[in-house]
Amino acid sequence: MDNIVFGQYYPSNSPVHRLDPRVKLLIVLFYIVTVFFVADYAMYGVLFLFIVAVALLSKIPLRVLFRTVRAVVVLVLITSAINLFFTKGEELLFSWKFISIYKEGIERAIKLALRLILLMLFPSLLTLTTTPMELTDAIESLLSPLKVIKVPVHAIALIMSIALRMIPILMEETNKIILAQKARGADFDTGGVLKKAKAMIPVLVPLFVGAFRRADELALAMDARCYSSVAKRTKYKVMKLTVADLVAALFCLSVFALVFLNKYLWHFDEMILSLFR
Amino acid sequence: MSIEVKDVTYTYSPKTPYASTALKGVTLRIEEGEYVGVIGKTGSGKSTFIQHLNALIRLQSGEIKVYDIDLTAKKPDLKRLRGTVGMVMQYPEYQLFDETVEKDVSYGPKNLGLDDREIKERVREAITLVGLDYEDIRDRSPFELSGGQKRRVAIAGVIAMRPKVLVLDEPIAGLDPKGKQEILALVKKLKASFSPTVIVVSHDMDSVAENCDKIALFSDGEIARFASPREIFYDDELLAKTELDCPSVVKVAKELSRLGMSLPSMPVTKAELIAALRERRAHG
Ligand SMILES: Nc1ncnc2c1ncn2[C@@H]1O[C@H](COP(=O)(O)OP(=O)(O)OP(=O)(O)O)[C@@H](O)[C@H]1O
Ligand SMILES: [Mg+2]
């Protein structure tokens, strides 16, 4: 059996890939908070350079990274448009019938677009450099303090990892069934929406039947090996913090600190602008 | 009328880190009426190859011509192709979907755009051919049948399209000895009725040796040899190179000759082995 991976994971053996997934996850959480505190263009630039640097370090081609933005292009365009047309400000630039565009509107539209793109890019680096299984382990480990208040953290993590493991299997299964029905002359590409939806029935029925069969088999197999979710168990891959993790965390946090310092103390933008005045 | 495959190369997920080349310059020619076995280690490209034959996988490079249908064309006539080449995929019983056996089997002919009377006629014929009782089974749900019955229904779904070429991917995998014999006998019957050309992927060397006129031996995405079972199973160097197991008849013959009882011929089927043993006894 091939080593099946799915989603975005981009295999490579870079320092970023090797970082402890818990550290990566926490850094991304801090990053997301930070993005909401970015006040000016200079800081958007800083964060952008930061992301490019991390991408280079993780040996991910920039082409692959920027492809992830495609998923949110429509969202970016819509939110920008709404902000462009509905922001009222003081400096009216353009007015025609009921449409009026203010300077503030343009600025807000641009900043929102930049913010959404930044919000997409860095977390993508997390999923590009970390396998879903590592992420689940990281979440389980980070949530484990909740065990004290009787949250079934292990069971939740198990459900997550089984679901994750099932996705590629189901995708493979779907492909196989589609091929088999194509061999019987099925046509999935022509016709209207209704016809296309109807053409999917011969794929969906066997898919569901198969999914339930698999779920049954898995449950039986786990029972047969006396699986219990309360038993104390060890991990195959033990997560250990290393010096590299510490360095990465310090580096990222200091970049994020720049954003806050800029917003509340330095105001880079105004400094740069004042040079031109 | 033949199937011509020329220099076909195929790579899965090209231009990604997961790219893997499954076929490397495969060339062969299958004549109408041949029973061809496709064998080789797991991962050697057998399934990838046969899926090319009815354009389930689109050509990346090379040429394929099935009868008079040219798969190199920009828009090959897929409907006619899929009516010509019937493909029974691995574990076909997992592709059943409709409420009744009759409806399920008529899915293929319906997609070919045949009229209702013709469809009904073909469905009855196909179900009877695979050895099931049409009147008894037509209104039952395919999901309540036994494994062997399901597989027969699935095969009926393909032969109801009356393909000239029948392609089967490991049709006897996961069946008991009796089930295996039944399916193999069924394939023979189909070959005699309206699918004169049969191509079977198999890991079961005994059945390959017993039934096939020719064998395409795949190794690492290439055709290591396309020849008769005798030429392949008595070529020890080739067998070692491709890590191939021998059919039991050949094993017996080789063991006999190792013990100094060499046979007058090189048998690959049971009948041939018996004949050779008889001849040996008669002459000495
Ligand atoms: N959907 C796919 N995506 C990527 N690689 C694939 C895919 N299907 C097959 N491969 C790869 O292509 C190669 C040939 O696979 P193929 O399924 O043709 O082998 P096979 O000879 O049919 O093997 P088996 O006897 O196990 O069925 C293998 O290395 C396999 O890993
Ligand atoms: Mg295969």
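Residues numbered from 1 in each chain as written. Chains lettered and ligands numbered in written order. Predicted model: local features only at pLDDT ≥ 70, side-chain atom pairs only at ≥ 80, totals over all residues. Heavy atoms only, no water.

A. Up close: the overall build of chain A. Across its full length, chain A carries twelve helices and two strands. Put simply, chain A runs from its N terminus to its C terminus through helices and strands in the order α-α-α-α-α-β-β-α-α-α-α-α-α-α. Taking 19 Å as the expected radius of gyration for a compact globule of 277 residues, we find that chain A reaches 24 Å, considerably beyond that expectation. Its C-alpha atoms give chain A principal-axis dimensions of about 75 × 55 × 40 Å. Across the 277 residues in chain A, those meeting the buried criterion constitute 33%. Long-range pairs, those at least 24 residues apart, make up 74% of the contacts in chain A with a sequence separation of at least 6. Total accessible area on chain A is roughly 17,400 Å²; 71% of this is exposed by carbon and sulfur atoms. (Helix = DSSP H or I, 4+ residues; strand = E, 2+ residues; numbered from the N terminus. Rg over C-alpha atoms; globule rule 2.2 N^0.38 Å. Buried < 20%, exposed > 50% of the residue type's maximum accessible area, 1.4 Å probe, protein only. Contact = heavy atoms within 4.5 Å. Areas by Shrake-Rupley, 256 points an atom, 1.4 Å probe, with all protein chains shown as cover.)

B. Inspection of the domain arrangement of chain A at higher detail. The domains assigned to chain A are domain 1 (15-130 + 239-276) and domain 2 (153-224). If you average the C-alpha positions of domain 1 of chain A and of domain 2 of chain A, the two centres end up 37 Å apart. (Domains from an automatic or database assignment.)

C. Geometry of the sheet that holds strand β8 (residues 197-201) of chain B. Residues and elements named next belong to chain B. With mixed pairing, six strands are arranged side by side in an open sheet as β6-β7-β8-β3-β9-β10. At either end of the open sheet lies a strand with only one pairing partner, and these are β6 (85-88) and β10 (222-227). When strand polarity is set aside, the average angle formed by the axes of neighbouring strands in this sheet is 15°. The pairing of strand β7 (residues 165-169) with β8 spans five bridges and is parallel. Its bridge partner being in β8, Asp169 is matched across the sheet by Val201. On the sheet, helix α1 (residues 46-53) packs against β3 (35-40), β6, β7, β8 and β9 (214-219) and is oriented at approximately 150° with respect to β8. Lying on the sheet, helix α7 (residues 147-159) is in contact with β6 and β7; it crosses β6 at an angle near 165°. (Pairing = 2+ DSSP bridges. Axes fitted to C-alpha atoms, helices over the stretch in contact; angles between N-to-C directions.)

D. Geometry of unusual backbone geometry. You will see that A:Lys150, though not glycine, has its phi angle at about 65°, which is positive. Position of A:Lys150 relative to the elements: it lies in the loop between α7 (132-143) and α8 (153-183).

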